[in-house]
Amino acid sequence: MYRIAVTNRHLCQEDFLARIRKLAEDPVYDAILLREKDLTETEYRCLAGEVLTVCQETGKKCILHTFCQAAEECGHPLIHLPLPLFRTLGKEERGFFTEIGTSVHSLEEAEEAVRLGAAYLTAGHIFPTGCKPDLPPRGLEFIKEICSKVSIPVYGIGGICRENEESVMDQGAWGVCMMSEAMR
């Protein structure tokens, strides 16, 4: 099972960088996805530099999120983009990145992301989550359908914890993303 820790400073109950270090040293997580949507690109770039340092020191894979220019300025070729942003990414911009993942919320989006050249998908949200309290979860059938129709790795996201991660994997997912569990 491949686990990605997804960050959210607002869920963190301790110093954020101390939490990042714990995640980076924890063999349970295979990667850290730095997903701090409320920051400006300048703020994100500064934080990314600090997080990348921790990840480099510990050998943990780090994936940056949304801010392509910040990733390039940090010299970091792994990025995760919301699908609308991925759609607008030009060939020259794509050339810097060795791995681009994207988020999908339907089979049609998953198929489009594959055509656009995504290396992997996060698909969700699978279970109820405090991050999206007004949206019903898409459920296990959703992740099963996505996994059966695309040829790239799919990670379930949304409301996933240790108690239910295996049910996501049973649907064909390559792995899972955990935010609340990772940040707390």
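To keep things clear, this report deals only with the structure shown in the data block. (Residues numbered from 1 in each chain as written. Predicted model: local features only at pLDDT ≥ 70, side-chain atom pairs only at ≥ 80, totals over all residues. Heavy atoms only, no water.)

This part takes up the overall build of the protein. Summing up its helical and strand segments, the protein has nine helices and eight strands in all. Here the protein has a C-alpha radius of gyration of 16 Å; the compact-globule value for 184 residues is 16 Å, and the two agree. The principal-axis extents of the C-alpha atoms in the protein amount to approximately 40 × 40 × 30 Å. Across the 184 residues in the protein, those meeting the buried criterion constitute 50%. (Helix = DSSP H or I, 4+ residues; strand = E, 2+ residues; numbered from the N terminus. Rg over C-alpha atoms; globule rule 2.2 N^0.38 Å. Buried < 20%, exposed > 50% of the residue type's maximum accessible area, 1.4 Å probe, protein only.)

A contiguous patch of negative charge on the surface is contributed by Glu108, Glu111, Glu141 and Glu145. Those elements giving two or more residues to the negative patch turn out to be helix H6 (107-116) and helix H7 (139-149). Counting through the fold element by element, glutamate 145 comes out in helix H7. The exposure class of glutamate 145 is partly exposed, given its relative accessible area of 36%. (Patch = residues over 30% accessible without salt bridge, like charges linked within 9 Å, V, L, I, M, F, W, Y side chains within 5 Å. Areas by Shrake-Rupley, 256 points an atom, 1.4 Å probe, with all protein chains shown as cover. Salt bridge = Lys/Arg side-chain N within 4 Å of Asp/Glu carboxyl O. Lys, Arg positive; Asp, Glu negative; His and termini not counted. Charge placed at Lys NZ, Arg CZ, Asp CG, Glu CD.)

Take the side chain of histidine 80 next. Counting through the fold element by element, histidine 80 comes out in strand E4 (residues 78-82). Overall, the relative accessible area of 1% leaves histidine 80 in the buried class.

For the rest of this paragraph, the subject is the environment of proline 133. Inspection of the secondary structure puts proline 133 in the loop between strand E6 (120-124) and H7. The exposure class assigned to proline 133 is exposed, which follows from its relative accessible area of 62%. Sequence separation between proline 133 and lysine 60 is 73 residues, and the spatial gap between their C-alpha atoms is 31 Å.

Next up on the list: the pairing of E4. Burial runs high along E4: four of the five residues are buried. Sheet topology places strand E3 (residues 61-65) next to E4; two bridges connect them, and they run parallel. Note that in E4 the partner of histidine 65 across the bridge is histidine 80. Note that the unit made of E3, helix H3 (residues 68-73) and E4 has a crossover that is right-handed. Sheet analysis places E4 next to strand E5 (residues 99-104), joined by five bridges and oriented parallel. Residue pairing in the sheet places histidine 80 in a bridge with glycine 101 of E5. (Pairing = 2+ DSSP bridges. Right-handed = clockwise from strand over helix to strand, strands pointing away.)

On to the nonpolar core. In this structure, Leu121 and Ile146 are the most contacted members of the largest nonpolar core, which totals 64 residues. The greatest single-element share of this core, amounting to seven residues, is contributed by helix H2 (residues 41-58). What isoleucine 146 contacts, discounting residues up to four positions off in sequence, is Ser106, Leu107, Ala110, Leu121, Ala123 and Val154. (Core = buried A, V, L, I, M, F, W, Y, C linked by side-chain atoms within 4.5 Å. Contact = heavy atoms within 4.5 Å.)

Our focus in this paragraph is helix H1 (residues 16-25). Of all the residues in H1, the buried ones are Phe16, Arg19, Ile20, Leu23 and Ala24. When H1 is viewed along its axis, its buried side chains cluster within an angular range of 140 degrees and face the same direction. Against the buried residues of H1 lie strand E1 (2-6), strand E2 (31-34), H2 and helix H9 (180-183). The N-capping residue of H1, defined by a side-chain oxygen 3.3 Å from the backbone nitrogen of leucine 17, is aspartate 15. (Arc of directions from axis to C-beta. Polar contact = N/O pair within 3.5 Å; in protein donor to acceptor, adjacent residues only side chain to side chain.)

Moving on to unusual backbone geometry. Following glycine 124, the chain continues to histidine 125 via a peptide bond in cis, the omega torsion being 5 degrees. By the element assignment, histidine 125 lies in the loop between E6 and H7. The residue threonine 66 is not glycine, and still its phi comes out positive at about 70 degrees. With respect to the element layout, threonine 66 can be found in the loop between E3 and H3.

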